[in-house]
Amino acid sequence: MIITADRRRGQNYAYHNIEKPWQKSELVFQKHDTALSPIMKGMHVKSITLSWPFWAVLSAAFAALTAIFAKAGVESVNSNMATLIRTVVIVIAAIAFVLITQSWQSPGSISNRSWQFLILSGLATGASWFCYFHALKLGDAARVATIDKLSVVFVSVFAVLFLGEKLSFPNWIGVGLIATGAILVAWRL
């Protein structure tokens, strides 16, 4: 959502989508309180909910909760059964999100290449979850989750090798620090 503001007869006005805030289209005209004028006066402000860091931080927070809830839940359940239960809940939640956000897309409109990579991604996710739950069954949540976050290092390397992405020297230092940090957290004295 992009919010723009201007002054008309002493009032601030912003254009944004009221009915579907997750979409950028269908702009609606709405009057805003003049108290916002110092912030919004004559400038374009990108809503935080459209920025990737916002969603990445939320993802990290939910991933942290996943580790805590999963460790508590897997104590008296086979790790594979725990993964199945979690997967069913995720499928139901994903369907709900698609319906709530009106994001449904005809499966026929998705290219074969996209289907192939989405299926591979799903298989990799399933394998990751089975391994993760098994590791949680055997180890401490803080140590397992930290090692699991080495995926950041793998993603960086794979993105460079297979997607042609480029990382600067400071980016590689960050990747190295993430790897070092994960190893130090998981290290048992």
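Residues numbered from 1 in each chain as written. Predicted model: local features only at pLDDT ≥ 70, side-chain atom pairs only at ≥ 80, totals over all residues. Heavy atoms only, no water.

Colleague: Mind showing me how you'd approach the confidence of the model for the protein chain here?
Modeller: Low pLDDT marks stretches whose predicted atomic positions should not be read closely. Overall, the prediction assigns the protein chain a mean pLDDT of 79, with 74% of residues at 70 or greater. Taken together, the stretch residues 1–45 has pLDDT below 50 and engages in 71 contacts with residues farther than four places along the chain or on a different chain. (pLDDT = per-residue confidence, 0-100. Contact = heavy atoms within 4.5 Å.)

Colleague: Explain helix α3 (residues 79–100) to me, please; I cannot follow it from the model alone.
Modeller: Side chains three or four residues apart in an α-helix point the same way, a direct result of the helix having 3.6 residues per turn. Relative to the 32 Å expected for 22 residues at 1.5 Å per residue, α3 spans 31 Å between its end C-alpha atoms, a close match to the ideal helical length. Lining the buried residues of α3 we find α2 (52–73) and α4 (112–138). The residue sitting at the N-terminus of α3 and contributing the capping side-chain oxygen is asparagine 78; that oxygen lies 2.7 Å from the backbone nitrogen of asparagine 80. Once α3 finishes, glutamine 102 follows within two positions and takes phi at roughly 50 degrees, a positive value. (Helix = DSSP H or I, 4+ residues; strand = E, 2+ residues; numbered from the N terminus. Expected span 1.5 Å × (residues − 1). Polar contact = N/O pair within 3.5 Å; in protein donor to acceptor, adjacent residues only side chain to side chain.)

Colleague: I tried to follow the pattern of salt bridges on my own but got confused; where do I start?
Modeller: Oppositely charged side chains may form a pair once their charged atoms are brought near each other. Applying the stated rule across the entire model yields two salt bridges. With a closest N to O distance of 3.6 Å, arginine 143 and aspartate 140 form a salt bridge. The partner of aspartate 148 in a salt bridge is lysine 149, and the shortest N-O contact between them spans 3.3 Å. (Salt bridge = Lys/Arg side-chain N within 4 Å of Asp/Glu carboxyl O.)

Colleague: Could you clarify how one ought to interpret the nonpolar core in this entry?
Modeller: Most often, soluble globular proteins have nonpolar side chains that are buried together. Ranked by size, the top nonpolar core spans ten residues in total: Ala67, Ala70, Val74, Ala82, Tyr132, Phe133, Leu136, Ala141, Val144 and Ala145. Among the secondary structure elements, those contributing two or more residues to this core are α2, α4 and α5 (141–148). Not counting residues up to four positions away in its chain, the partners in contact with alanine 141 are Ala67, Lys71 and Leu136. With five residues, the next largest nonpolar core counts Leu150, Val153, Val175 and Ala179 among its residues. (Core = buried A, V, L, I, M, F, W, Y, C linked by side-chain atoms within 4.5 Å. Buried < 20%, exposed > 50% of the residue type's maximum accessible area, 1.4 Å probe, protein only.)

Colleague: What should I look at first to understand the side chain of threonine 83 in this one?
Modeller: Note that threonine 83 resides in helix α3. The contact partners of threonine 83, leaving out residues within four places of it in the chain, are Trp129, Phe130 and Phe133.

Colleague: Quick question: what am I supposed to make of the environment of alanine 135 here?
Modeller: Summarising the element assignment, alanine 135 is placed in helix α4. Residue alanine 135 is classed as partly exposed on the basis of its relative accessible area of 29%. Taking the C-alpha atoms as reference points, alanine 135 and isoleucine 147, twelve residues apart in sequence, are found 10.0 Å from one another.

Colleague: What exactly am I supposed to notice about the packing of α3 against α4 here?
Modeller: The description of two packed helices rests on the angle between their axes and on the distance between the axes. One can describe the packing of α3 onto α4 by two numbers: an axis separation of 9 Å at closest approach and a directional angle of 130 degrees. The angle between α3 and α4 falls in the class oblique. Both α3 and α4 take part in a crossing whose hand is right-handed. Together, Ser79, Asn80, Ala82, Thr83, Arg86, Thr87 and Ile90 of α3 and Trp129, Phe130, Tyr132, Phe133, His134 and Lys137 of α4 make up the contact between the two elements. Looking at side-chain class alone, the contact of α3 with α4 contains six nonpolar, five polar and two charged residues. (Axes fitted to C-alpha atoms, helices over the stretch in contact; angles between N-to-C directions. Parallel < 35°, antiparallel > 145°, perpendicular 65-115°, else oblique. Left-handed = near helix turned anticlockwise from the far one by under 90°. Nonpolar A, V, L, I, M, F, W, Y, C, P; charged D, E, K, R; others polar.)

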